[in-house]
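Structural overview
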2 protein chains.
Amino acid sequence: MKTQTNDYLAIEPWSITEKGFHPDRSRVSESIFSLANEFMGIRGHFDEGFGGSSLVGSYFNGVFEETPHIYPNRLAGFPERNHFMVNAVNWLYTRLEVNGETLDLARSRVSEFVRKLDLRTGVMTRSFLWEVKEGSRLRVTFTRFLSMVQSRLGCQRIELEPLDFSGSIAVTLGLDFTPPHESAGRNFWNGLRKETRGGVTAILAETEGSGQKVFSAFRHTASSQPSGVSEITGDRGAKLAGVRLEFPLTQGVPLTLEKLVAHDIEKDRNADAQVFWCRALERTGGWLETTFERERARQAAYWEEVWKRFDISIDGDPANEQGTRYCIFQMLSTFHGVDPRLNIGAKGLTGEVYGGLAFWDTESYCLPFYLFTNPAAARNLLCFRYNTLPQARERARQLDCEGARYPMTTIDGTEACGVWHHGDLEIHVPAAVAYGIWHYVHITGDKTFLHERGLEMLIEISRFYASHGGWSPKTGEFGLWGVMGADEFHMMVHNNAYTNAMAKKTFEWTLQAIAETTLSAPERLAAVAAKVNLRKEEPARWEEMARKMRLQRNRDTGLIEQHDGYFDLPHIDLKALPPERKPVCAKFPYIKRSRLDWIKQPDVLLLMFFFSNDYSLEEKRVNFEYYEPRCVHESSLSPGIHSILATELGKHRMAFDYVQYASRLDLDDYNGNTSQGLHMTSMAAAWMSLVYGFGGMRSDGERLSFRPAIPAKWNSYSFRIVYGGALLEVRVDHRQAAFRAVEGGPVEIDVFGTKRTVGREGLSVELPAAAGVGAQNS
Amino acid sequence: MKTQTNDYLAIEPWSITEKGFHPDRSRVSESIFSLANEFMGIRGHFDEGFGGSSLVGSYFNGVFEETPHIYPNRLAGFPERNHFMVNAVNWLYTRLEVNGETLDLARSRVSEFVRKLDLRTGVMTRSFLWEVKEGSRLRVTFTRFLSMVQSRLGCQRIELEPLDFSGSIAVTLGLDFTPPHESAGRNFWNGLRKETRGGVTAILAETEGSGQKVFSAFRHTASSQPSGVSEITGDRGAKLAGVRLEFPLTQGVPLTLEKLVAHDIEKDRNADAQVFWCRALERTGGWLETTFERERARQAAYWEEVWKRFDISIDGDPANEQGTRYCIFQMLSTFHGVDPRLNIGAKGLTGEVYGGLAFWDTESYCLPFYLFTNPAAARNLLCFRYNTLPQARERARQLDCEGARYPMTTIDGTEACGVWHHGDLEIHVPAAVAYGIWHYVHITGDKTFLHERGLEMLIEISRFYASHGGWSPKTGEFGLWGVMGADEFHMMVHNNAYTNAMAKKTFEWTLQAIAETTLSAPERLAAVAAKVNLRKEEPARWEEMARKMRLQRNRDTGLIEQHDGYFDLPHIDLKALPPERKPVCAKFPYIKRSRLDWIKQPDVLLLMFFFSNDYSLEEKRVNFEYYEPRCVHESSLSPGIHSILATELGKHRMAFDYVQYASRLDLDDYNGNTSQGLHMTSMAAAWMSLVYGFGGMRSDGERLSFRPAIPAKWNSYSFRIVYGGALLEVRVDHRQAAFRAVEGGPVEIDVFGTKRTVGREGLSVELPAAAGVGAQNS
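Before going into details, it helps to say that this report is about the structure given with it. What you see is a predicted model, and the numbers here were worked out from it, not measured in a lab.

Moving on, we come to the overall build of chain A. Scanning chain A from terminus to terminus reveals 19 helices and 29 strands. Taking 28 Å as the expected radius of gyration for a compact globule of 778 residues, we find that chain A reaches 27 Å, a close match to that expectation. Its C-alpha atoms give chain A principal-axis dimensions of about 85 × 60 × 55 Å. Looking at chain A alone, contacts between residues at least 24 apart form 68% of all its contacts between residues at least 6 apart. When the accessible surface of chain A is summed, it comes to about 26,100 Å², and 48% of that surface belongs to carbon and sulfur atoms. Charge-centre separation for chain A: the mean point of 89 positive side chains lies 1 Å from the mean point of 97 negative side chains.

Here it is in structure tokens:
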């Protein structure tokens, strides 16, 4: 695992700065300088167009195209339809022409290139000098942000200052639906209508297959009057709308243009396009009645509040501090819980790989971040699952099961994953949803959610496992045969430890929820039972299945076998693997993975994190020391969990390496694929590595508990979380851990195993020797 | 398993006759009346065109189109390219017009429809009365055959007899490259050139992707002079060549046209099309210098010789006799060993499903038929594997293995099977090739083949298994993890019994072949060892791997576990499965198959057939009685093997049901999918069910052995096989089994465990009581 910073980007506390233009880094920087606001996202591509390698990417959360899965032969239960977040309108479309030359950094002479993302304001600027001819230099500065306050709004500013000449410039401002969806090699939009009227240029387009519609409209202002204005035409036809403006340029006088763009979407394929056009024109007209500066101020205020509540500071390690802040910034940009019909794609809104699809990572890796920073957002993520319960029920039917089978990958709740990956075998996904429900209710105490939505989901998920599983004719145990666990190297196994344990938990949570609702809201239980036609014998069956669930846990050592027969798999020594054979996923044929005892990502170890209280420290050590050397970490889900457990086991050097990997995975492009988009799940894991890892937080006990530690390299660090109605600050240095309720409180927590009450006045606890000295050990 | 004849086709000893035209049966009949001659095949579609449901199918053995496999994500080792036998020129293209009406059985008024395939001559005729207008009837008779003597030649005759009117008729004769490849929904041909000159109409076309070329040319004769001749034109353009002929019709006087069509193919994509055109024009010109009658006589003589040597007669069961003869006819039509670059597609040359691809069925199910009827053809099938050894080596490399990995499905030796089916896990395929080599050399004693080709293949296949396998850390056994066995319901298992046993045999055969060659042809061994760079330690490693191969055989009962953990799979009672849930493959989701103890086809039982001598009768009984009730037989490979073992175990009623299923599978469309093409492998299994089944033949011992039995319903049956240089006839009735060397001999065989010598004078052996009385038992 590579964890060396590459020094390409400056190490700064509150910003990401790229100096100099390097075409070979262009796509990586496009990903890193992506912006999003949950409603939409845009990559850091150049406003003015670029003749070099670029992914001009603009995505609207939940707006997808669909294509049929192609199989030589379609068997029963094969998913029929693929869907993916589709590349949409490039609303930053700009062209600059001076002296007959169109600016293009692939050809034009430029210098003093600087691109900067300000994490405190969410604003990205890019400026450089364009030598339009010998001795004639134009300073070009683009500024952009996506409003976190009015999410339909994107804002762009263009400043053009001729340093040593006067002349004229043509500026084209447009809305461009022509960029291809790169991973499909084609464009999926049909332009339906466009128009420039009353200072507003608008365009409406529709996807070919799914019939989803995106409407965009912009209004611009300029610091001086144009000498010419025309609507643009050309071969992009109905897919490009815009205006061409000609301006005189006066030496030393900046010309400033501001373009505010508002968007509206219609996902119903049957919605009438003209009706939508009229509605969208009116709505966006309202949203555009503002100014760039006003929106920029609101944006800065939004982020100021975020950082006040949720900053993580690390004294003594600016690289990791920057990386961690960047992760928080991008996580909140991708999702902050405004819309319960949205979820979190594996690459957020920053690229096309993984198709903008949400995985089980949402509940297992991302949910804790929201649960402890913005519980309402966590609730909305679970509402997404409730809203897509009908699709999960339908999928269970298709797979000859009862209940609800949440999909491996999805945007709209239907299964997107085709047979090539055998995602249908990853039946642990519904259990992750159950885990999310339990975790949310356990931490927030939100019984209303449990009664209104959680209970129904839990019942349907339990039903799924009950109907999917079987009974061993040899031992009489209940189990789940023919599955893929969290570890995707072993694709079709029986009784995967993680899956069985999660199914057992699901049965137990469901029975607890039924018991709780019986007491506190019997009428609600009756309503749910009637709605889902709960059969009288079902809870007793689930109880028996949970009790008899196969879990291969060695009675003496506590070592858990990852699945039936795992310990009999031929061994491969990963330390002896030559570097040219890594990464394993690329350098070994896919069918070889299932034949050896290597694993892609934590499986058994995941249980020891989720359910920390269920395992003794010694059991954790035995399992960690067995599975960690067998793990190739070829999932961004892997290092974070290892980091957390390594900290708990006093392996702080190892933990630190894992933390560093997660916090700067994209900034330093450790995996060499940041060009494809950001690793959102890894960003969530980076936050977890800090809070659950060094912070030593655990959230599966009766109270939130902490066992903080600190890496030798750091002087101190701090983070804030929402818990029990309070905003709790945790500050750790080499001497002590200090807890304080910044807002609300007092709350009860466990610190190093002792119950403590934390109020406004705060509480300091000395770090035990192990946490200090051990920090130097590997 | 359905085994009721449907009485649609007349039960006749030497022909297949369909009376009356039934559009809903049209596609099934098209398959049944398919003709082939190894070089090419044509479905029984109507010469004159048909507006109803039809698959106009014309295939050239080994001529394929290729398309890329489409995956959302391509991982290392994924097969890149699909390829399939591509629908080509309809050289029977005919149009008949009278009174402005074009004959079309979907619309025209026809009566007295009779279609007949004569198995003794290989000629198919179809005749009917066409009422061209009230009271004006034209008797139309089409005759066709594909020459078994000159395989480039297809022959068509059209007889037109006006019964009660005089008038005129326009006859169009053509070569049509426009029919779509139905399973792809499109046509893959580009017409390159066409021409009518000197009485010959020729056309050349090329596939889009693979660049393979097919040239067709025809010459026609007519019993009277046409009143008009013109070349055809029209919207099919460069893909259709032909002539339109106008003839007067005189009441009671038949007009006869004969069309001889010759074909040439060029598979090299780089071959120059014009050079090929010139060569093909010259070659086909020569092939066309013959007459319909002359070729028909040669065809009849060919088949007469076949039946003299290889007929199977069954006295007392005309339906099974007809079915068995039909199987022999179609097997020999599909392949009779002329070209060692060709193989046997799962549906022969009769349809598009399975893409004309050859499977491991060739060596495991088809080879014995050829081995005992036409050993030179058997040798050519193995030469196909030798010729494609480079592709198998390359595939092994791609899969991170050594040696040679023969493909799951192929036409040209490369792997066609994509990831959707996980055929890459079916690593038992190379072992089936090794089995074929061993079986062929064992029976024929052809050491030259062993030295020149077999040894090299065996070494490379052993290497493949040595590099694919691993060592159990628990038991120290060698094994094969992560595979799919012969039973395709359990897709990714460890140490599949069939696969492990076959790999063990492969190691042993290889070591034997090395030992034998060391003695008899040391220079040849040295040459092969040098060619493949045989390392000194390899044979010793294979010996150890064979010795330590995991085979889970219960010491007490002999019951073999199909794979690690199979006995722990939850049980499903197939008898309790309601009819609406069959076939399992269609009615249950694909992922459910691996979770239960049902199996698709024999796996362990296959070993007991291949290696009869290795297992006691009691072991066979134990395994048969365990696995037979768990088998759903959803592979046409299944009933034949069950039939053979059931006979051996005295379960004759069960055996008889299985035999009937195989022999008339297509004639009675038991599986409801004969419309897609004929089940060639099942036809081979039908022959085996007779010869190995009731004939009780076994070919894995020192000598060929027989334990004949006879079903209660039959009076007697007989078959002939080639063995030890003799043509051996076996006649069995309820009293005795009679053996006689019709040609050659004497040869030594075992009959009921006793060594006997069979010469021209013959030998009769009384059937033991079990074979007679037991015949009534189920």
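So, next bit.
What follows deals with the sheet that holds strand S17 (residues 228-231) of chain B. Residue and element names in this part refer to chain B. Strand order in the open sheet formed by five strands is S8-S7-S13-S18-S17, and the pairing between neighbours is antiparallel. The outermost strands of the open sheet, each flanked by one partner alone, are strand S8 (101-102) and S17. For strand S13 (residues 167-176) and strand S18 (residues 240-249), the ladder comprises 10 bridges, and the chain directions are antiparallel. Across the sheet, Ile-169 pairs through a bridge with Phe-247, a residue of S18.

Within the largest apolar cluster, 218 residues are counted, with the highest numbers of intra-cluster contacts made by B:Trp360, B:Tyr370 and B:Ile721. Excluding residues that lie within four positions of it along the chain, B:Ile721 makes contacts with B:Phe372, B:Trp687, B:Val691, B:Met697, B:Leu704, B:Phe706, B:Ala726, B:Leu727 and B:Leu728. The next biggest cluster of nonpolar side chains, apart from the first, holds 216 residues, and it includes A:Met457, A:Met545, A:Phe610 and A:Leu637.

Before going further, it helps to spend a moment on helix H9 (residues 447-468) of chain B. Most pronounced at B:Gly454, the bend in H9(B) amounts to some 50 degrees. Within H9(B), 18 of the 22 residues are buried, which leaves the element mostly enclosed by the surrounding structure.

This paragraph deals with the sheet that holds strand S27 (residues 747-751) of chain B. All names here are of chain B. Spatial strand order, S23-S27-S28: three strands in an open sheet with mixed pairing. Looking at strand neighbours, the two that pair on one side only are strand S23 (705-706) and strand S28 (754-758), the edges of this open sheet. As judged from the five bridges shared by S27 and S28, these two strands associate in the antiparallel manner. Across the sheet, Val-751 pairs through a bridge with Thr-754, a residue of S28.

Turning next to the relation of the copies chain B and chain A. Of the two same-sequence chains, chain B is brought onto chain A (RMSD 0.1 Å, axial shift 0.1 Å) by a rotation of 180 degrees. Those values place the two copies in the arrangement expected of a two-fold rotation axis. Mapped onto chain A, 100% of the interface residues of chain B are again interface residues, and the two copies thus contact each other with one and the same surface.

With that out of the way, let us pick up helix H8 (residues 429-444) of chain B. For H8(B), which comprises 16 residues, the first-to-last C-alpha distance of 23 Å matches the rise-based estimate of 22 Å (1.5 Å per residue) to within 8%. B:Gly445 sits one or two residues past H8(B) and shows a positive phi near 70 degrees.

All names here are of chain B. You can see Thr-201 is positioned in strand S15 (residues 200-207). Within the structure, the side chain of Thr-201 is placed 3.0 Å from the side chain of Thr-196, a separation counted as a polar contact. Sequence-distant contacts of Thr-201, defined by excluding residues within four places in its chain, comprise Leu-175, Glu-195, Thr-196, Ser-216, Ala-217, Phe-218, Ala-241, Gly-242 and Val-243.

With that settled, consider the packing of aromatic side chains. Residue and element names in this part refer to chain B. Considering all chains together, one arrives at 106 aromatic pairs over all chains under this definition. Where Tyr-354 meets Phe-359, the ring centres are 5.6 Å apart and the plane angle is 85 degrees; that geometry is what we call edge-to-face. Centroid distance Tyr-440 to Phe-449: 5.3 Å. Interplanar angle 80 degrees. Geometry classified as edge-to-face. Residue Tyr-440 shares its accessibility class with Phe-449, and that shared class is buried. Taking the ring centre of Phe-218 as reference, the NZ or CZ of Lys-259 above it sits at 5.1 Å. It is Arg-630 that lies over the ring of Tyr-626; its NZ or CZ is 3.8 Å from the centre.

The rules behind these values
Residues numbered from 1 in each chain as written. Chains lettered and ligands numbered in written order. Predicted model: local features only at pLDDT ≥ 70, side-chain atom pairs only at ≥ 80, totals over all residues. Heavy atoms only, no water. Helix = DSSP H or I, 4+ residues; strand = E, 2+ residues; numbered from the N terminus. Rg over C-alpha atoms; globule rule 2.2 N^0.38 Å. Contact = heavy atoms within 4.5 Å. Areas by Shrake-Rupley, 256 points an atom, 1.4 Å probe, with all protein chains shown as cover. Lys, Arg positive; Asp, Glu negative; His and termini not counted. Charge placed at Lys NZ, Arg CZ, Asp CG, Glu CD. Pairing = 2+ DSSP bridges. Core = buried A, V, L, I, M, F, W, Y, C linked by side-chain atoms within 4.5 Å. Buried < 20%, exposed > 50% of the residue type's maximum accessible area, 1.4 Å probe, protein only. Bend = angle between axes of the 7 residues up to and from the residue. Least-squares fit on C-alpha atoms with pLDDT ≥ 70 in both. Expected span 1.5 Å × (residues − 1). Polar contact = N/O pair within 3.5 Å; in protein donor to acceptor, adjacent residues only side chain to side chain. Phe/Tyr/Trp six-rings, centres within 6.5 Å; stacked < 30°, edge-to-face > 60°. Lys NZ or Arg CZ within 6 Å of the ring centre and 35° of its normal.

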